[in-house]
Amino acid sequence: MVHERNPGIELDTSWVQEAQVNLAALKLRAATHATRRSVKMEWQAGWLLRAVTCIDLTTLSGDDTEVNVKRICFKARNPIRKDILEKLGCAHLPITTGAICVYPSRVPDAVKHLKDSGIPIASVAAGFPAGQTPMEQRLQEIREAVKSGATEIDIVITRPLVLTAQWEQLYDEVREMRKACGDAHLKTILATGELGTLTNVYRASLVCMMAGADVIKTSTGKESVNATFPVAITMLRAIRDYYKRTGYKVGFKPAGGIRTAKDSVLWLSIMKEELGDDWTKPDLFRLGASSLLTDIERQLFHCAFKRYAAKHQLSMA
């Protein structure tokens, strides 16, 4: 991480409680962003390659085995076929995914198969995805994932604390989880589809950042509503306000429903427009996805060879 890590600040309840979201203006901003024309030709290839470096390549299935993890670790090391990179003149670039993301029990497999790669290993923890297990069990799960080799921890907050405006309790919860992470970076999942209002999303974002979150994340990918642009803009403006007031940069991770190359470019562009170039790089921006990489590679194949690849030609298709 090239910027100073967010240490958190004392909980400022007046800042939290006074926050309001202009719903009409926010929806208009989100609607106009989604209809913009995407970049094309070599510029598209450049944006897509940047998106690859921001992907948290994820497998969170009940039937995950070491073979599943080995497969995504190989793909994380080699996300785009070598011949595509050579044709695009990018074979010299050290392109890998931003991280891989697995369950705590699969972290040792990831450590084994990513040895000496420098690729971060993220683990979900703290009662993922519901966050309804006792606090000590949630903290122990974090500690065990870190002990096994995870360098990033994706935790879930207790949503009822947001719905009932128990901001002190939410702050204390995230603070304890940050402490349990140690040197591992803390990504806090808000599960925004379950928070009721965008004002709640903004307030929860602030509280998590005050408690020391390194990254705030939209969703687990398991909710009925996941990453949307209205939610993203709300969270990005909370990040911007926090940075202006404290000087600390906090990252952002949308997750759930991001499947196409065009989606990835739209997400990168909104990061650039709302927060600037620093937030288009993997230390401050991640895309939580399991199938996105296949479509990006397909589009890059087209950029290189002017035709689309058949499914069997792409290793994760």
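What comes next is a walk through the structure. Bear in mind that the values here come from a model prediction, so they are computed numbers and not experimental data. (Residues numbered from 1 in each chain as written. Predicted model: local features only at pLDDT ≥ 70, side-chain atom pairs only at ≥ 80, totals over all residues. Heavy atoms only, no water.)

### So, the overall build of the chain
A count of helical and extended segments in the chain gives 13 helices and eight strands. Its C-alpha atoms give the chain a radius of gyration of 19 Å, within 12% of the compact-globule value 20 Å for 317 residues. In terms of its C-alpha atoms, the chain occupies a principal-axis envelope of roughly 55 × 45 × 35 Å. Classification of the 317 residues of the chain by burial places 55% in the buried group. Contacts spanning at least 24 positions in sequence make up 78% of the contacts within the chain whose residues lie at least 6 apart. Put simply, the chain shows about 13800 Å² of open surface, and 51% of that area lies on carbon and sulfur atoms. Counting 43 positive and 35 negative side-chain charges, the chain places the averaged centre of each group 7 Å from the other. (Helix = DSSP H or I, 4+ residues; strand = E, 2+ residues; numbered from the N terminus. Rg over C-alpha atoms; globule rule 2.2 N^0.38 Å. Buried < 20%, exposed > 50% of the residue type's maximum accessible area, 1.4 Å probe, protein only. Contact = heavy atoms within 4.5 Å. Areas by Shrake-Rupley, 256 points an atom, 1.4 Å probe, with all protein chains shown as cover. Lys, Arg positive; Asp, Glu negative; His and termini not counted. Charge placed at Lys NZ, Arg CZ, Asp CG, Glu CD.)

### Remarks on the sheet that holds strand E4 (residues 152–156)
In spatial order, the strands read E7-E6-E5-E4-E3-E2-E1-E8; together these eight strands make up an open sheet with parallel pairing. Each having just a single partner strand, strand E7 (251–253) and strand E8 (287–289) make up the two edges of the open sheet. When strand polarity is set aside, the average angle formed by the axes of neighbouring strands in this sheet is 25°. Of the pairings in the sheet, the one linking strand E1 (residues 55–58) to E8 comprises three bridges and is parallel in character. Note on E8: the bridge partner recorded for Asp56 is Gly288. Of the strands in this sheet, E1 and strand E2 (99–102) are in contact with helix H4 (residues 66–77), which crosses E2 at around 165°. (Pairing = 2+ DSSP bridges. Axes fitted to C-alpha atoms, helices over the stretch in contact; angles between N-to-C directions.)

### Re the layout of surface pockets
Reported here for the largest pocket is a volume of approximately 510 Å³. Around the largest pocket, the lining comprises 24 residues; the ones closest to its centre are Thr58, Thr59, Leu60, Ala289 and Ser290. Elements that contribute at least two residues to the lining of the largest pocket include exactly E1, H4 and E8. Broken down by element, the residue count for the lining of the largest pocket peaks at three residues, all from H4. Here the residues of the lining of the largest pocket are counted per class, giving eight nonpolar, eleven polar and five charged. Its boundaries defined by the atoms lining it, the second largest pocket holds a volume of some 200 Å³. Surrounding the second largest pocket, Gly46, Trp47, Leu49, Arg50, Thr53, Leu93, Ile95, Leu268, Lys272, Asp277, Thr280 and Lys281 form its lining. Broken down by secondary-structure element, the contributors of at least two residues to the lining of the second largest pocket are helix H3 (41–52) and helix H12 (261–275). The residue inventory of the lining of the second largest pocket, partitioned by class, reads five nonpolar, three polar and four charged. (1 Å grid on protein atoms, 1.4 Å probe; cavity = no way out; pocket = protein on both sides within 12 Å on 5 of 7 lines; lining within 4 Å. Points joined across faces, edges and corners; volume = space filled by probe spheres on them. Nonpolar A, V, L, I, M, F, W, Y, C, P; charged D, E, K, R; others polar.)

### Here's the deal with the environment of Val124
Within the secondary structure layout, Val124 lies in strand E3 (residues 121–125). Spatially, the C-alpha atoms of Val124 and Pro104 are 6.6 Å apart, while their sequence positions differ by 20 residues. Once residues within four sequence positions are removed from consideration, Val124 is found in contact with Leu60, Cys101, Val102, Tyr103, Pro104 and Asp154.

### Focus: the packing of aromatic side chains
The final tally for this structure, using the stated rule, is six aromatic pairs. Measuring from centroid to centroid gives 6.5 Å for Trp15 and Tyr242, while their planes differ by 10°, and the two rings are stacked. With Trp15 in helix H1 (residues 13–18) and Tyr242 in helix H11 (residues 229–246), the pair connects residues that are 227 residues apart, well separated along the chain. Each member of the pair, Trp15 as well as Tyr242, carries the same accessibility label: buried. Consider the rings of Tyr103 and Phe128, whose centres lie 6.1 Å apart with planes at 75°: the pair is edge-to-face. (Phe/Tyr/Trp six-rings, centres within 6.5 Å; stacked < 30°, edge-to-face > 60°.)

### Some points on helix H10 (residues 198–210)
With 13 residues, H10 should reach 18 Å at 1.5 Å per residue; the first-to-last C-alpha distance of 18 Å fits that figure. For H10, the tally of buried residues reaches 13 of 13 residues, placing the bulk of the element in the interior. Gly212 sits one or two residues past H10 and shows a positive phi near 110°. (Expected span 1.5 Å × (residues − 1).)

So far we have only geometry, and geometry alone does not tell us how the molecule works.
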